[in-house]
Amino acid sequence: MTARPALAAASRAVALSFERGTSLCEPFLTITPATGASISFLGTATAQATICASDATAARLDELQFDLGEGPCWEAMRSGIPVLHPDIQNRANPVWPEFARAIHGEPVGAMFAFPLVVSSLEIGAVDLYTTAAGPLSSYEIADAATLASLAAWQVLRWVLTGQEDAGLEGSPYSRREIHQATGMVIAQLDVTAEDALLLLRAHAFSRALSVREIAAEIVERRLSFSPENDI
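Just so you know, these numbers come straight off a predicted model, no measurement behind them.

### Some details on the overall build of the chain
On a plain count of helices and strands, the chain comes out with eleven helices and five strands. Here the chain holds 231 residues, and 47% of them are scored as buried. Across the chain, the fraction of contacts at a sequence separation of at least 24, relative to all contacts at a separation of at least 6, is 61%.

Rendered as structure tokens:
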């Protein structure tokens, strides 16, 4: 059972993170046995961002879910309830088969995702992972859900103050280049933002690259989707 003082301290850290400029992810690691954590904003097809990630694996799991458009964070946000997978490597999941294949061999034994919800507004998710398979206790699930409800307000403040445009500029989590590339594909092909992002994902999948890598090629004009170019 999580000690109540630990939950109180973690809750305070989350509630004051915006003012203090501290990590929203770290408090989740103090009240659960998670190895790592990430928090993502999940807006439209072209408005997605990692708010924080405690380590490279957590950031990688977030990026894979963005690229594939599926995974525990999407399931948690869409269902509005925690998504708990204590043995993610060995139990097939028909809801997100591509993500399950993508993480095969990654140092991830379990994943737990909690929705970020403010009133009726679904804005993102918290992802926790452990290197070893195993469940969270009912107390740990309840505590993580409590922190997620507090974190949702901090993410909303981050969005409403324009931090999605400026706050991650130059950070390893920034997806600004993907947004730029999507806009360039829209201009080249006269398609919707959703279709442009779908083309980026398909091209990345066909070349076994990340969407970020394909976006970099487009922004640097090494790749074009214009009809007069052979892709």
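This is not the end of the story, as more comes after the structure.
### Topic: the state of the cysteines
The final tally for this structure, using the stated rule, is one disulfide. For Cys-25, the disulfide goes to Cys-52, at an S-S distance of 2.1 Å. Its S-S torsion of about 95 degrees marks the bond between Cys-25 and Cys-52 as right-handed, since a negative value means left-handed. Note that Cys-25 is positioned in the loop between α2 (17–20) and α3 (26–31) and Cys-52 in strand β2 (residues 48–53), a separation of 27 residues in sequence. Exposure class is identical for Cys-25 and Cys-52. Each is buried.

### Quick notes on the side chain of Thr-57
Its place among the elements puts Thr-57 in helix α4 (residues 56–68). Those residues in contact with Thr-57 that lie beyond four places of it in its chain are Pro-107, Val-108 and Tyr-129.

### Here's the deal with the pattern of salt bridges
Following the criterion strictly, the structure yields four salt bridges and no others. Residue Arg-157 is joined to Glu-19 by a salt bridge in which the shortest nitrogen-to-oxygen separation is 2.8 Å. A residue pair is termed long-range when its members are at least 10 positions apart, and Arg-157 in helix α7 (residues 138–160) and Glu-19 in helix α2 qualify at 138 residues. Judged by relative accessible area, which is 31%, Arg-157 ranks as partly exposed. The closest approach of N and O atoms between Glu-220 and Arg-222, which form a salt bridge, is 2.8 Å. For Glu-220, a relative accessible area of 48% gives the class partly exposed. Take Arg-222: its relative accessible area is 52%, and that puts it in the exposed class.

Rules used in this analysis
Residues numbered from 1 in each chain as written. Predicted model: local features only at pLDDT ≥ 70, side-chain atom pairs only at ≥ 80, totals over all residues. Heavy atoms only, no water. Helix = DSSP H or I, 4+ residues; strand = E, 2+ residues; numbered from the N terminus. Buried < 20%, exposed > 50% of the residue type's maximum accessible area, 1.4 Å probe, protein only. Contact = heavy atoms within 4.5 Å. Disulfide = S-S within 2.5 Å. Salt bridge = Lys/Arg side-chain N within 4 Å of Asp/Glu carboxyl O.

In short, shape yes, function no, at least from these values alone.
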